[in-house]
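Summary of structural features
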Amino acid sequence: MLVGLSGGVDSAVAALVLRECGYEVTAVRMRIYDGPDDPSLAYGCYGRGAAEERASAEALARHLGLPFREVDCVEAWRELVLEYFRSEYLAGRTPNPCVRCNQMIKFGALPRLAEAGGLAFDFFATGHYVRRTLDAEGRPELRRGLDPRKDQSYFLYRLSREQLARTLFPLGGMTKAEVRGLAAARGLAVHNQPDSQDLYGGRYVDLLGAPDREGAVVDTRGRVLGRHRGFWHFTPGQRKGLGVCGPAPLYVLRVDAARNEVVVGPASENAFEGCFIDATNYFLPEPAPGTRLIARMRSSQPLQEVVVGERDEWGRLRIDFVRPMSGLAPGQSLVLYQDDLVIGGGIIQW
RNA sequence: UGGGGCGUCGUCAAGCGGUUAAGACCCGGGUUUUUGGAGCCCGUAUUCGAAGGUUCGAAUCCUUCCGCCCCAG
C-alpha cells in the first residue's frame, strides 16, 4: 500500500488508519518544487518551504513507523500543471490547477514514478474526503465524502476508472473533526495545523510570467470605463480590483484575450441560465438529455439542480441550471452528481 | 467680456445655522476556501475650493479670490 503523505493532517491520518487496519504502508511525498524556499509563500503547494515540508512529512512517517520515500515530480508538474495553468490564463480562460494536478500528477505521475522507482504496491491511498465504492459488477465508483463541508469529489472527477480502481480513500467516511481528533489521540503534532493550501502562496499572476499590458475595461456596449494591466489579472465573476466605480458594483462578465479587454456589468448581467461543457470525463454513462441531476460549478458551493441538455454541433454538452448561477468561468469544471455518486463532469465553455 | 449655475472622501452624492459631515461605488483589512472567484464582517473626510466676516454656534448666511459648467457674443 502506497499512501501520499503531504505533511498535513489529512494524509497523516489516512496513513495512520491504513496502518492500523493492518496494511503494509509506504509513505510517499511528491516533490513538485525544487527552487529556493520562500517563507513568504506559506500555504501554497508550489514554492513552499520544500526542505521544511519534506522534513515534516518524513518526521510524520517516522512517527507512524512507515518507510518514507520522496518522488521527484518536478518536471511532470511543471509541464502538466504549471504550463497548463499559464497557457489557460493567457488564453483568457480560468484553469483549475488542483483538478489537473490530481488527474496528472497526484494520481498519475506520483504512483507511476514510484512504481518505476522500484516501489511495488497494490493500492495507492490519499487523504481526500471522498469515498470509493464498487458497483454490482465490481466496478469502482466515486462518491462524495461523508463530511459535506469537506467533500473533495469536485477535485477528483477527472480521474480515470483505471486510476480509481487502484485507489483508496480512508477518510471518505470521516468528518474533519474526527480526523483531527484521531490525529490528536495518536499524538500527531499536526493535529491542529490549519487546513488547506493554495496552488501558490503568492499572487497567481506571478506564476504567469506575463509582463503587464494595458488594456480597456469596457461595458457590454463597448464603452470604455477604465484601464487594466492585462486581461489575465481577471476572471469572470470577479468584483474586486476593477478600479471602476459606479452606482452599483460591477463584475467581470468575460475576458477577451484577443483584444485584451475585460468586459464588466452589474450583478444582473452576471447570471447564467446554463453553460456548455466539453472534455467530459465520466465514471458512469453520460446521462440522457432531460435528466435532472445535481451539480457543482465550483468546489465550495451548495449542490445545484441542473438539467442535462443535448450535445451541440461542436460536441459540447449543454447543461441548464434550474436557478441562474453567477461566477462561471470557461476553463473551470462542472461536476455532475446523482445523490452521492459522481457521474462525471467537464470543462465549462461558452 | 456680460447673464446664470456649481465647487462636500479617489468617484457619485446627502446635507439648506447647532449631525460624531448620510449612503453607494472604489480601495484596504478580516472571514471563508485544497483552483479562480463570490458572499459576509470591519475600516476609511476633525473636515466641507481658498481667505476673510456675521453668529454663542456655519459645510450651511455675507464678501473677495480661485476653479469648472451652461447661455450670450
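Residues numbered from 1 in each chain as written. Chains lettered and ligands numbered in written order. Predicted model: local features only at pLDDT ≥ 70, side-chain atom pairs only at ≥ 80, totals over all residues. Heavy atoms only, no water.

1. Brief notes about the sheet that holds strand E2 (residues 26-31)
Heads up, the rule is: For two strands to pair, DSSP has to find at least two bridges joining them. A run of DSSP states H or I qualifies as a helix once it reaches four residues; a run of E qualifies as a strand once it reaches two. Both are numbered from the N-terminal end. A contact between two residues is defined here by any heavy atoms of the two lying within 4.5 Å. Here an axis means a line fitted to C-alpha atoms, over the contact stretch when the element is a helix, while the angle between two N-to-C directions is reported on a 0 to 180 degree scale.
Sheet architecture is open: 5 strands sit in the order E4-E2-E1-E5-E8, paired in parallel fashion. Each edge of the sheet is formed by a strand with only one pairing partner; in this case those strands are strand E4 (68-72) and strand E8 (167-168). As paired strands, strand E1 (residues 2-4) and E2 are joined by 3 bridges and run parallel to one another. Residue pairing for E2: Val 3 is matched across the bridge by Ala 27. Packing of helix H1 (residues 9-20) onto the sheet brings it into contact with E1 and strand E5 (124-125), and relative to E1 it is tilted by some 160 degrees.

2. Describing helix H6 (residues 176-185)
Our working definition: Relative accessible area decides the class of each residue, using a 1.4 Å probe on protein chains only: under 20% of the type maximum gives buried, over 50% gives exposed, and in between gives partly exposed. Directions from the helix axis toward the C-beta atoms define the arc.
Among the residues of H6, those classed as buried are Lys 176, Val 179, Leu 182 and Ala 183. Down the axis of H6, the buried set is contained in an arc of 125 degrees. They therefore lie on one face. Counted as exposed and oriented over 90 degrees from the buried face of H6: Ala 177 and Ala 185. Just beyond H6, the residue with positive phi is Gly 187, at close to 75 degrees.

3. Remarks on the packing of helix H3 (residues 74-90) against helix H4 (residues 97-116)
We count it as follows: Oblique is the label for any angle not under 35 degrees, not over 145, and not in the 65 to 115 range, which are roughly parallel, roughly antiparallel and roughly perpendicular in turn. Here is the rule for handedness: rotate from the far helix to the near one, and if that takes an anticlockwise turn smaller than a right angle the crossing is left-handed, while a clockwise turn gives right-handed. Three residue categories are used. Nonpolar comprises Ala, Val, Leu, Ile, Met, Phe, Trp, Tyr, Cys and Pro, charged comprises Asp, Glu, Lys and Arg, and polar comprises the others, including Gly.
Here H3 crosses H4 at 165 degrees, and the two axes come no closer than 10 Å. Regarding the angle of H3 to H4, the classification is roughly antiparallel. Considering the relative orientation of H3 and H4, their crossing is right-handed. Where H3 abuts H4, its residues Ala 76, Trp 77, Leu 80, Val 81, Tyr 84 and Phe 85 lie against Pro 97, Arg 100, Cys 101, Met 104, Ile 105 and Ala 109. Per-class residue counts for the contact of H3 with H4 are 11 nonpolar, no polar and 1 charged.

4. Brief notes about the nonpolar core
The following threshold applies: As used here, the term nonpolar core means buried Ala, Val, Leu, Ile, Met, Phe, Trp, Tyr and Cys residues forming a set that is joined through side-chain atoms within 4.5 Å.
Trp 77, Ile 105 and Leu 142 are the most contacted members of the largest nonpolar core, which has 53 residues in total. Considering every element that reaches this core, the biggest residue donor is H4, with 7 residues. In terms of nonpolar packing, the next biggest core, distinct from the first, is built from 29 residues, Val 17, Leu 64, Ala 125 and Val 190 among them.

5. A closer look at the pattern of salt bridges
Rules: One side-chain nitrogen of Lys or Arg within 4 Å of one carboxyl oxygen of Asp or Glu is enough to make a salt bridge.
This model, assessed by the stated rule, comprises 27 salt bridges. Across the pair Glu 58 and Arg 54 runs a salt bridge, and its minimum N-O distance is 3.5 Å. On the criterion of helical spacing, the pair formed by Glu 58 and Arg 54 is a turn pair, its members being 4 residues apart in helix H2 (residues 50-64). Overall, the relative accessible area of 31% leaves Arg 54 in the partly exposed class. For Asp 135, the salt bridge goes to Arg 139, with nearest N and O atoms at 3.7 Å. For Asp 135, a relative accessible area of 22% corresponds to the partly exposed category. Given a relative accessible area of 38%, Arg 139 falls into the partly exposed group. Connected through salt bridges with shared partners, the residues Arg 29, Arg 31, Arg 54, Glu 58, Glu 70 and Asp 72 form a single ionic network.

6. Quick look at the environment of Arg 93
Operational definition: We call two N or O atoms a polar contact when they sit within 3.5 Å, provided that within protein one can donate a hydrogen and the other can accept it, with sequence-adjacent residues counted only if both atoms are side-chain atoms.
Assignment of secondary structure puts Arg 93 in the loop between H3 and H4. As for Arg 93 and Gln 349, which are separated by 256 residues in sequence, their C-alpha atoms are 9.1 Å apart. Those residues within four positions of Arg 93 in sequence are excluded, and the remaining contacts are Glu 88, Pro 330 and Gly 331. A distance of 2.9 Å separates a polar atom in the side chain of Arg 93 from a polar atom in the side chain of Glu 88.

7. Section: the sheet that holds strand E12 (residues 250-256)
An order of E11-E10-E13-E12 is seen for the 4 strands of this open sheet, with the pairing classed as mixed. The sheet terminates laterally at strand E11 (224-228) and E12, the two strands that pair on one side only. Looking at each pair of strands side by side, their axes are set apart by 30 degrees on average, direction ignored. Sheet topology places E12 next to strand E13 (residues 261-266); 6 bridges connect them, and they run antiparallel. Across the sheet, the residue bridging to Asp 256 is Glu 261, located in E13.

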